[in-house]
Amino acid sequence: MSAAARKDPAAVETEVREKIHLEILKRTGAYHANDHILLPSGQHTTEYIEKTLVTTEPSFTEGLGAVIAKHFAQWPIDMVLSTGPGALILSHCVARAHPSRPIVVYGTKGLSGGKRRVSLPVEFQRLIRPGVKILLVEDLVSTGSTLSLLINLVEDLGALVVGIGCLWRRTSVEFDNRPVFSLVRRDFPTYDADKCPLCKRGVPLNEEFVRRRHARRPSSVQEPKEV
Ligand SMILES: [Zn+2]
């Protein structure tokens, strides 16, 4: 029997599923692979994801949200909670596809004295009663610190976090045995410039993302001042 045939079928399924989801993210223009990319940190990498672009294709987001909902379908869920615009769009799609028909609420992220902070609008606070079952939804999980804050916030109000569903999990951090389901579980290898294998092979460095980041100014408009 070959090594491939001996592979655990569940692992093969996860691998295939990840490939499909990576292709979907590539088609949104958010995911770049097989490149030699300069990161804002000065490190080099082969992959890059532009978080803002992840949820721009409604039919893709709906499909990905339905996969997360299916995974958590066996759990009764009262509420789906997220923070940030991308995660909110995804959380709507998850809630829409979940058999419990959960409601959708969202918190806001910010900084306070240099520390991360998550807050909930007061109107939502009274919906989070003791015993309410919550599914947290996130687009990209990098350090997991926003999710940890959200868990503390809602559990202090007496609610129960039944799980965490996300598109992409870059970290192996755990959340006290709460089940985490991600469509893609993958961290990018990043290299210091002097140790980068792509530099050593003479592959041209793509500085586009850093350049774009420096040059980029969000478009904005405001009402004219009254005279
Ligand atoms: Zn390099």
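Here goes a summary of the coordinates provided.

Cut-offs and rules
Residues numbered from 1 in each chain as written. Predicted model: local features only at pLDDT ≥ 70, side-chain atom pairs only at ≥ 80, totals over all residues. Heavy atoms only, no water. Donors = N, O, S within 2.8 Å, 3.2 Å for Na, K, Ca; no water. Tetrahedral: all angles 85-135°; square planar, octahedral: opposite > 155°, others 65-115°. Phe/Tyr/Trp six-rings, centres within 6.5 Å; stacked < 30°, edge-to-face > 60°. Helix = DSSP H or I, 4+ residues; strand = E, 2+ residues; numbered from the N terminus. Buried < 20%, exposed > 50% of the residue type's maximum accessible area, 1.4 Å probe, protein only. Polar contact = N/O pair within 3.5 Å; in protein donor to acceptor, adjacent residues only side chain to side chain. Salt bridge = Lys/Arg side-chain N within 4 Å of Asp/Glu carboxyl O. Pairing = 2+ DSSP bridges. Expected span 1.5 Å × (residues − 1). Contact = heavy atoms within 4.5 Å. Patch = residues over 30% accessible without salt bridge, like charges linked within 9 Å, V, L, I, M, F, W, Y side chains within 5 Å. Areas by Shrake-Rupley, 256 points an atom, 1.4 Å probe, with all protein chains shown as cover. Core = buried A, V, L, I, M, F, W, Y, C linked by side-chain atoms within 4.5 Å. Axes fitted to C-alpha atoms, helices over the stretch in contact; angles between N-to-C directions. Parallel < 35°, antiparallel > 145°, perpendicular 65-115°, else oblique. Left-handed = near helix turned anticlockwise from the far one by under 90°. Nonpolar A, V, L, I, M, F, W, Y, C, P; charged D, E, K, R; others polar.

So, on to the coordination of the zinc ion. Protein coordination at the zinc ion comes from His 36 (NE2), His 44 (ND1), Cys 196 (SG) and Cys 199 (SG), with a distance range of 2.0 to 2.4 Å. Taken together, the four donor atoms coordinating the zinc ion and their angles of 95 to 118° define a geometry best described as tetrahedral.

Turning our attention to the packing of aromatic side chains. Given two aromatic rings, one states the distance between the centres and the angle between the planes to describe the pair. All told, the structure shown has six aromatic pairs when counted by the stated rule. An aromatic cluster is built from Tyr 31, Trp 168 and Phe 188, whose rings are joined through pairwise contacts.

Here His 98 lies in the loop between helix H4 (85-97) and strand E6 (103-112). Taking relative accessible area as the criterion, His 98 reaches 1% and is therefore assigned buried. Counting along the chain gives 22 residues from His 98 to Pro 76, while the straight-line C-alpha distance between them is 9.0 Å. Within the local environment of His 98, its side chain forms a polar contact with the backbone oxygen of Trp 75, the two atoms lying 3.3 Å apart.

Let us look at the pattern of salt bridges. One pass over the structure, following the stated rule, counts eight salt bridges. In this structure, the salt-bridge partner of Arg 17 is Glu 13, at a minimum N-O distance of 3.9 Å. One end of the pair, Arg 17, and the other, Glu 13, are both in helix H2 (residues 9-27), four residues apart, so they sit about a helical turn from each other. Since its relative accessible area comes to 22%, Arg 17 is described here as partly exposed.

This part is about the sheet that holds strand E11 (residues 190-191). If you trace the three strands from one edge of the open sheet to the other, you get E2-E3-E11, paired in antiparallel fashion. Each edge of the sheet is formed by a strand with only one pairing partner; in this case those strands are strand E2 (37-38) and E11. In the sheet, strand E3 (residues 44-45) pairs with E11 via two bridges, with the strands oriented antiparallel. In the sheet register, Thr 45 faces E11, and the bridge partner there is Thr 190.

Moving on: helix H3 (residues 58-71). The end-to-end C-alpha distance of H3, which contains 14 residues, comes to 20 Å, matching closely the 20 Å that a straight helix rising 1.5 Å per residue would cover. When we look at burial in H3, the residues that qualify are Phe 60, Thr 61, Leu 64, Gly 65, Ile 68 and Ala 69. Close packing links the buried residues of H3 with H2, H4, strand E9 (160-169) and strand E10 (180-185).

Below, the discussion takes up a nonpolar patch on the surface. Taken together, the side chains of Val 12, Val 16 and Ile 20 present a nonpolar region at the surface, about 230 Å² in accessible area. Accessibility expressed as a relative area gives 44% for Val 16, which makes it partly exposed.

Turning our eyes to something else, we now look at the nonpolar core. Among the nonpolar cores identified, the biggest contains 25 residues, and Ile 49, Leu 135 and Trp 168 are the most heavily contacted of them. Taken together, the elements giving at least two residues each to this core come down to H2, H3, H4, strand E8 (133-141), E9 and E10. Ignoring anything within four residues of it in the chain, the contact list for Leu 135 reads Phe 72, Ile 77, Met 79, Val 80, Leu 81, Val 94, Val 162, Gly 163, Ile 164 and Gly 165. In terms of nonpolar packing, the next biggest core, distinct from the first, is built from 20 residues, Phe 124, Val 132, Ile 151 and Ile 164 among them.

Interaxial distance between H3 and H4 falls to 7 Å at its minimum, and their mutual angle equals 55°. Taken together, the axis directions place H3 and H4 in an arrangement best described as oblique. Of the two possible hands of crossing, H3 and H4 adopt the one that is right-handed. For the pair H3 and H4, contact is made by Thr 61, Glu 62, Gly 65, Ala 66, Ile 68 and Ala 69 and by Ile 89, Leu 90, Cys 93, Val 94 and Ala 97, respectively. Split into classes, the residues belonging to the contact of H3 with H4 amount to eight nonpolar, two polar and one charged.

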